[in-house]
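# Chains, contacts and geometry: an overview
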Amino acid sequence: MGIDWIESNNGRKILRLSEKLNFDCHKDFRSAIRHWDSDPRKSSVEVDLAHVTFIDSSGLGLLLLLKDTVRAAGHQIAFRNGNKALCPTLRMLSLETFS
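Here the structure is a predicted model, which means the values were calculated and not measured.

Rules behind the numbers
- Residues numbered from 1 in each chain as written.
- Predicted model: local features only at pLDDT ≥ 70, side-chain atom pairs only at ≥ 80, totals over all residues.
- Heavy atoms only, no water.
- Phe/Tyr/Trp six-rings, centres within 6.5 Å; stacked < 30°, edge-to-face > 60°.
- Lys NZ or Arg CZ within 6 Å of the ring centre and 35° of its normal.
- Helix = DSSP H or I, 4+ residues; strand = E, 2+ residues; numbered from the N terminus.
- Expected span 1.5 Å × (residues − 1).
- Buried < 20%, exposed > 50% of the residue type's maximum accessible area, 1.4 Å probe, protein only.
- Arc of directions from axis to C-beta.
- Contact = heavy atoms within 4.5 Å.
- Polar contact = N/O pair within 3.5 Å; in protein donor to acceptor, adjacent residues only side chain to side chain.
- Core = buried A, V, L, I, M, F, W, Y, C linked by side-chain atoms within 4.5 Å.
- Salt bridge = Lys/Arg side-chain N within 4 Å of Asp/Glu carboxyl O.

For the coordinates displayed, the defined rule picks out zero aromatic pairs. Its end group placed over the ring of tryptophan 36, lysine 42 keeps NZ or CZ at 5.5 Å from the ring centre.

Shown next, in the form of structure tokens:
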């Protein structure tokens, strides 16, 4: 699992994920959340799902944790580039902002 923070031109932070989002990557994902939350310049977040090939229930829980953390800090979160198989599940969990 690749987890990388990128700063966009509009000042948003982009969390680029790749491959599998499952229990095996929960430590790295939680570390990425802590990194964002401790940044004094934190801003709204876009989660790029273009290269995610698999998400299990643990991975969905991590996305919900990220959503809750970002919103609790008063920022917005958007999920981008989810594949067609993934979109209905994300919509069901109110993780439905796509482009």
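On to helix α1 (residues 26-38), then. Because each turn of an α-helix spans 3.6 residues, side chains separated by three or four positions end up pointing in the same direction. With 13 residues, α1 extends 18 Å from end C-alpha to end C-alpha; this agrees with the ideal 18 Å at 1.5 Å per step. Those residues of α1 that fall on the buried side of the exposure criterion are Phe29, Ala32, Ile33 and Trp36. On an axial view of α1, the arc spanned by its buried residues comes to 100°, and they lie on one face. Counted as exposed and oriented over 90 degrees from the buried face of α1: Lys27, Asp28, Arg34 and Ser38. As for α1, its buried residues are in contact with β1 (2-7), β2 (13-21), β3 (45-55) and α2 (57-72).

Over its 16 residues, α2 runs 22 Å from end to end, which matches the ideal 22 Å to within 8%, given 1.5 Å per residue. Those residues of α2 not exposed but buried are Gly59, Leu60, Leu62, Leu63, Leu66, Lys67, Thr69 and Val70. On the buried face of α2, the contacting elements are β2, α1, β3, β4 (77-80) and α3 (87-92). By the N-cap criterion, in which a side-chain oxygen at the helix start approaches the backbone nitrogen of a residue two or three places on, α2 is capped by aspartate 56, the distance to serine 58 being 3.0 Å.

The subject of this paragraph is the nonpolar core. In this structure, Leu17, Leu21, Phe29, Val47, Leu49, Leu63 and Leu66 are the most contacted members of the largest nonpolar core, which totals 22 residues. Of all the elements in the fold, those that place two or more residues in this core are β2, α1, β3, α2 and β4. Aside from chain neighbours lying at most four places away, what touches phenylalanine 29 is Ile3, Leu15, Leu17, Leu21, Leu62, Leu63 and Leu66.

Another aspect to go through is the environment of aspartate 4. Residue position: aspartate 4 is located in strand β1. On the accessibility criterion, aspartate 4 (45% relative accessible area) is partly exposed. The spatial distance from the C-alpha of aspartate 4 to the C-alpha of leucine 15 is 5.7 Å, given a sequence separation of 11 residues. Among residues more than four places away in sequence, those in contact with aspartate 4 are Ile14, Leu15 and Arg16.

To continue, consider the pattern of salt bridges. This model, assessed by the stated rule, comprises seven salt bridges. For arginine 12, the salt bridge is made with glutamate 46, and the minimal N-O distance between the two is 3.5 Å. You can see arginine 12 sitting in the loop between β1 and β2 and its partner glutamate 46 sitting in strand β3, a full 34 residues away along the chain. Exposure remark for arginine 12: the relative accessible area of 17% places this residue in the buried category. The exposure class assigned to glutamate 46 is buried, which follows from its relative accessible area of 16%. Connected via shared salt-bridge partners are Glu7, Lys13, Asp39 and Arg41.

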